[in-house]
Amino acid sequence: MRKLKLAMAAATLAVGALAGMTAEASAQVRDVKICLIAGRTGPLEAYAKQTEAGFMMGLEFLTRGTMQVGNMRLQVIVKDDQLRPDRGKALLEECYNDDKADIAVGTTGSPVALAMLAVAEEAKKILIVEPAVADSITGERWNRYIFRTGRSSYQDALAAAASVPANEDVSIGMLGLDTAFGRDGVAAYKAALAAIRPRARIVAEEYAAGNTADFAPFAERLFASLRDRPGKRIIGFIWAGAHPMAKFVDMRPERFNIALAPGGNILPAMNAWKAFAGTEGGIYYYHDFPRNPLNDWLKAEYQKRFNAPPDFFVAGGFAAAAAVVAGLEKAGSPETEKLITALEGLTFQTPKGPMTFRREDHQALQDMYHFRIRPNARDNDLLDLVATVPAADMPLPITNRR
C-alpha cells in the first residue's frame, strides 16, 4: 500500500512537472501579426490575388507548413484597399493601431503605397512594399521603415533598356499609364537608356488613362514622331491592367518599320501576344527562367493548386514572405529596430534567386530578364530567355538623399 501511494505521488509530480514545462513552452511562443494590404477590388484585382497567393505559399514553404519562425507564430491579416490611397492609408493605420500588427506588406498600386509610407514612419513599424514600383517609394518619399521586395520602375527600365540593341541608333516612342507608375516608369527608362544604351533615346511620350478604349490618337501621334527617324524605331509600353499592345498591332506599325516592345506582364495579358514571335522586352519574372529549389517547388505546387504556372506577382508575394521569414530568423524578434538592423544588407533566397536589401534605401537588388516571344508560342508557354540581367550589372541609382 505504501509503495502504491509513493508511485501515485511520483506520477502526480511528473504530470505536474510536465504541465509546468508545457505551460512554460507555450508562454515562450509569441504571436507575430502580419498585415497584408492589396488592391483586391478594381482593375488590378488579378495582381492582388496573385500577391496574396504567393505570400501565403512562401510562408508555407519557408516555415515547412508550421507558420512559425523560432518561437514566433505567424498570423496574417488580409485587407483590401480597393486601389484608393485614402483607404490604403486608413487600413495601414488600422493594422498598426487596432490589429497590433508587427509588420505590414503591401500594396498593389503605387499611389496607394505612396500614401502609406508616412503611416509606417509615424507608427515606427516595418512596411515591406510589394509589388508597387514607383521609384519615389525608395526615393524621395522613402523613410527608414520602408523595405521593398518589389522591383522599382528603374529596375524595370534597366531590364527594358538591356533588350534594346547596343550598337545602333534607336528612336523610341512611349505609351505610359497616366499614373505615378506610368510617368515614373518613362522617366526611369530615359535615365536607364542614357546609362547603358546611349545610342537609344525617347523621342515622344504619350500618357493614357487605364480605362481608355480608343488608342488610335495615341498611336497615330507616336507613329508620326517615329516614322521618319533614322535607325531602329520602337514603341514601348509602361502599363498595368488590360494591355493596349494588341490594339497597336491592329494599326499596323510595321508600315513605318516600327517594332513594339511591350515589357513583361501577367500571363493572361502576354498570352494575347503569342502571335507576335520575335517581339522582345524586359521582364521581372517568368516561371521558366529561374533555376533554383524555391522556384521548382513553387512551379510544381502552384500548377497543382491552380492549374497554371506561377505568375509575375505570385513570385513577388513569395519574395515578400521570404523577406519576412529571413528578417525574423536573423532578428529573433519582431521588434522594429531589431528588424531594421537584421534586414539592412540582408541577402535572402526567393523564387527569382537571391535578393539583397541595399542598406542605403532598402530596395531589393535582384536579377531581371531579357525575353523574346518564341515561334509557335502557346498559352503560358511563350517566352524564351535571351539573357539574365544580373543585379550586379544594373547601375541602380540611390535617390532617397539619406
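Bear in mind the structure is a predicted one, so any value in this text is a computation, not a measurement.

K.L.:
So what's going on with the UniProt feature "domain: Leucine-binding protein" (unreviewed entry) in the chain? Residues and values would help.
P.N.:
As annotated by UniProt and renumbered to match this structure, "domain: Leucine-binding protein" (unreviewed entry) occupies residues 32-374. In residues 32-374, helix accounts for 40% and strand for 23%; the two terminal C-alpha atoms are 45 Å from one another.

K.L.:
How would you sum up the side chain of His 370? Please name residues and give values.
P.N.:
Along the chain, the position of His 370 falls in strand β15 (residues 368-378). What makes His 370 buried here is its relative accessible area of 9%. Those residues in contact with His 370 that lie beyond four places of it in its chain are Ala 162, Ser 163, Glu 280, Gly 281, Asp 384, Leu 385, Val 386, Ala 387 and Val 389.

K.L.:
Any chance you could break down the packing of helix α11 (residues 312-331) against helix α12 (residues 336-343) for me, citing the residues and the numbers?
P.N.:
Interaxial distance between α11 and α12 falls to 8 Å at its minimum, and their mutual angle equals 105°. The angle between the axes of α11 and α12 places the two elements in the roughly perpendicular class. Of the residues in α12, those in contact with Ala 323, Gly 327, Leu 328, Lys 330 and Ala 331 of α11 are Lys 338, Leu 339, Ala 342 and Leu 343. Considered class by class, the residues forming the contact of α11 with α12 number 6 nonpolar, 1 polar and 2 charged.

K.L.:
Could you give an account of the packing of aromatic side chains, naming the residues involved and the relevant values?
P.N.:
One pass over the full model with this rule turns up 16 aromatic pairs. Centroid distance Phe 61 to Trp 297: 4.9 Å. Interplanar angle 45°. Geometry classified as tilted. Of this pair, Phe 61 sits in helix α2 (residues 45-62) while Trp 297 sits in helix α10 (residues 293-306), placing them 236 residues apart in sequence. With relative accessibility at 27%, the residue Phe 61 sits in the partly exposed group. Here the aromatic rings of Phe 215 and Phe 218 are separated by 6.2 Å at their centres, their planes lie at 55°, and the arrangement is tilted.

K.L.:
I'd like a rundown of the packing of α2 against α10, residues and numbers included.
P.N.:
Closest axis-to-axis distance for the α2/α10 pair is 11 Å, and the angle between their directions is 120°. For the element pair α2 / α10, the angle class is oblique. For the pair α2 and α10, the crossing hand works out as right-handed. Together, Ala 53, Met 57, Glu 60, Phe 61 and Leu 62 of α2 and Leu 294, Trp 297, Leu 298, Glu 301, Tyr 302, Arg 305 and Phe 306 of α10 make up the contact between the two elements. Across the contact of α2 with α10, the residue classes break down as 9 nonpolar, no polar and 3 charged.

K.L.:
Quick one: what's the story with the confidence of the model for the chain, residue by residue and with numbers?
P.N.:
When pLDDT is averaged across the chain, the result is 92; 93% of the residues are at 70 or more. Note on residues 1-26: pLDDT under 50 across the span, and 0 contacts to partners over four residues away in sequence or across chains.

Cut-off values and rules
- Residues numbered from 1 in each chain as written.
- Predicted model: local features only at pLDDT ≥ 70, side-chain atom pairs only at ≥ 80, totals over all residues.
- Heavy atoms only, no water.
- UniProt positions renumbered as here; feature names shortened; annotations may be inferred.
- Helix = DSSP H or I, 4+ residues; strand = E, 2+ residues; numbered from the N terminus.
- Buried < 20%, exposed > 50% of the residue type's maximum accessible area, 1.4 Å probe, protein only.
- Contact = heavy atoms within 4.5 Å.
- Axes fitted to C-alpha atoms, helices over the stretch in contact; angles between N-to-C directions.
- Parallel < 35°, antiparallel > 145°, perpendicular 65-115°, else oblique.
- Nonpolar A, V, L, I, M, F, W, Y, C, P; charged D, E, K, R; others polar.
- Phe/Tyr/Trp six-rings, centres within 6.5 Å; stacked < 30°, edge-to-face > 60°.
- Left-handed = near helix turned anticlockwise from the far one by under 90°.
- pLDDT = per-residue confidence, 0-100.

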